[in-house]
Amino acid sequence: MNWIMKQIRKEEWSPYAAGVLLGIVGILTVALAHALLSESGAFENLAAYIGKVISPSNMYFNYVMPAQITFPVVLMVGVFFGGMLGALSSGTFKFRTMDSEQWKKAFGKQTWKRWLLLFLGGIIVEFAAGIAGGCTSGLAISGGMLLAPAAFLFIAGMFASGIITALVIYGKKY
Amino acid sequence: MTYVIALVLGVAFGFSLNKAGLTKYHKVVNQFRLTDMAVLKFMMTALVVTMLGVYPMRALGWITFPTVPATYIVGNLAGGLLFGVGMALTGT
């Protein structure tokens, strides 16, 4: 029991241990909910509430991503509290401005730069997830679990461009 | 009921992401700089564990699989290529 508490209080687990936990979550998602661990769809479902006001006859927001509280929306709420629980359990919970030591070293101390890039990057990520039909969790992980070819195409593309982008933005600091 | 399951699974999902350190900028970006392989180790372990669980269960006829994301080569690949750019920029 003490050992378990000690493990839970650790800030960082071995990625293999955390992976096993996610694997179990994956099994339960398929077995109990008959669903995928999709995340990016949740943002689209929520965006559809606004989208339908602007364009009531929009096909995408009426049929592809309707304005509903879907499984991913609830899952996303859970992920928020799960991440919070993880931080609370290790005592690292605090309000942050998305700071990162590595970021500051490479790109300077200005927080607004980080926020701007986060905002633009967020748009890119969500838009790309819309094109591909899922994000890292919904397509790469959940699709990969069920050996969907789409997942492996997505992972290949993600790593190819991710490595190149990191190479470009880090330049000589790479 | 489905919502309760979704919430519990979501909490466990978020917890695992936090413990793997994937909530941190440097973990994600360093994966793309190939200096820290945690993201790949985490993802691939999860894939293998789930496969070990769900494939035998399907073979025994206990469960059926949900519809997997559709394969459309250009879309999946183009989406992935764009996604990687955003991911490396934000580190999320």
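The rules behind the values
- Residues numbered from 1 in each chain as written.
- Chains lettered and ligands numbered in written order.
- Predicted model: local features only at pLDDT ≥ 70, side-chain atom pairs only at ≥ 80, totals over all residues.
- Helix = DSSP H or I, 4+ residues; strand = E, 2+ residues; numbered from the N terminus.
- Buried ≥ 20, exposed ≤ 12 C-beta atoms within 10 Å, placed from the backbone.
- Expected span 1.5 Å × (residues − 1).
- Contact = placed C-beta atoms within 7 Å.
- Core = buried A, V, L, I, M, F, W, Y, C linked by C-beta atoms within 7 Å.
- Domains from an automatic or database assignment.
- Nonpolar A, V, L, I, M, F, W, Y, C, P; charged D, E, K, R; others polar.

## Focus on unusual backbone geometry
Point 1. Despite not being glycine, His34(A) shows a phi value in the positive range, around 50°.
Point 2. Looking at the element boundaries, His34(A) is found in the loop between helix H2 (15-33) and helix H3 (40-54).
Point 3. Given 14 C-beta atoms within 10 Å, His34(A) falls into the partly exposed group.
Point 4. Even without being glycine, Leu34(B) reaches a positive phi, approximately 60°.
Point 5. Position of Leu34(B) among the secondary structure elements: in the loop between helix H2 (25-32) and helix H3 (38-59).

## A word on helix H7 (residues 111-132) of chain A
Point 1. Across its 22 residues, H7(A) extends 31 Å between first and last C-alpha, which sits within 8% of the 32 Å expected from 1.5 Å per residue.
Point 2. For H7(A), every residue scored as buried is listed here: Arg114(A), Val125(A), Ala128(A), Ala129(A), Gly130(A) and Ala132(A).
Point 3. Tucked inside the fold, the buried residues of H7(A) contact H3, helix H6 (101-107), helix H8 (136-145) and helix H9 (149-170) of chain A together with helix H4 (73-90) of chain B.

## Thoughts on the nonpolar core
Point 1. In terms of nonpolar packing, the biggest core is built from 62 residues, with Leu75(A), Ala140(A), Phe154(A), Phe13(B), Phe42(B) and Phe83(B) touching the most fellow members.
Point 2. Here this core gathers at least three residues from each of two domains, domain 1 (1-95) and domain 2 (97-174) of chain A.
Point 3. Apart from the residues lying within four places of it in its own chain, the contact partners of Phe83(B) are Val125(A), Ala128(A), Ala129(A), Ala132(A) and Met158(A).

## Overview of the interface of chain A and chain B
Point 1. Counting residues at the interface gives 81 residues for chain A, matched by 62 residues for chain B.
Point 2. Within the residue set of the side of chain A that touches chain B, elements represented by two or more residues are H2, helix H5 (71-90), H6, H7, H8 and H9 of chain A.
Point 3. Partitioning the side of chain A that touches chain B into residue classes produces 59 nonpolar, 21 polar and 1 charged.

## Some thoughts on the environment of Phe119(A)
All names here are of chain A.
Point 1. Examined against the element boundaries, Phe119 turns out to sit in helix H7.
Point 2. Among the residues examined, Phe119 registers 10 C-beta atoms within 10 Å and is labelled exposed.
Point 3. The spacing of Phe119 and Leu146 is 27 residues in sequence and 32 Å in space, taken between C-alpha atoms.

## Focus: the domain arrangement of chain A
Residues and elements named next belong to chain A.
Point 1. Annotation of chain A at the domain level lists domain 1 (1-95) and domain 2 (97-174).
Point 2. For domain 1 versus domain 2, the distance between C-alpha centres works out to 18 Å.
Point 3. For the side of domain 1 that touches domain 2, the element with the highest residue contribution is H3, accounting for 4 residues.
Point 4. Here the residues of the side of domain 1 that touches domain 2 sort into 3 nonpolar, 4 polar and 2 charged.

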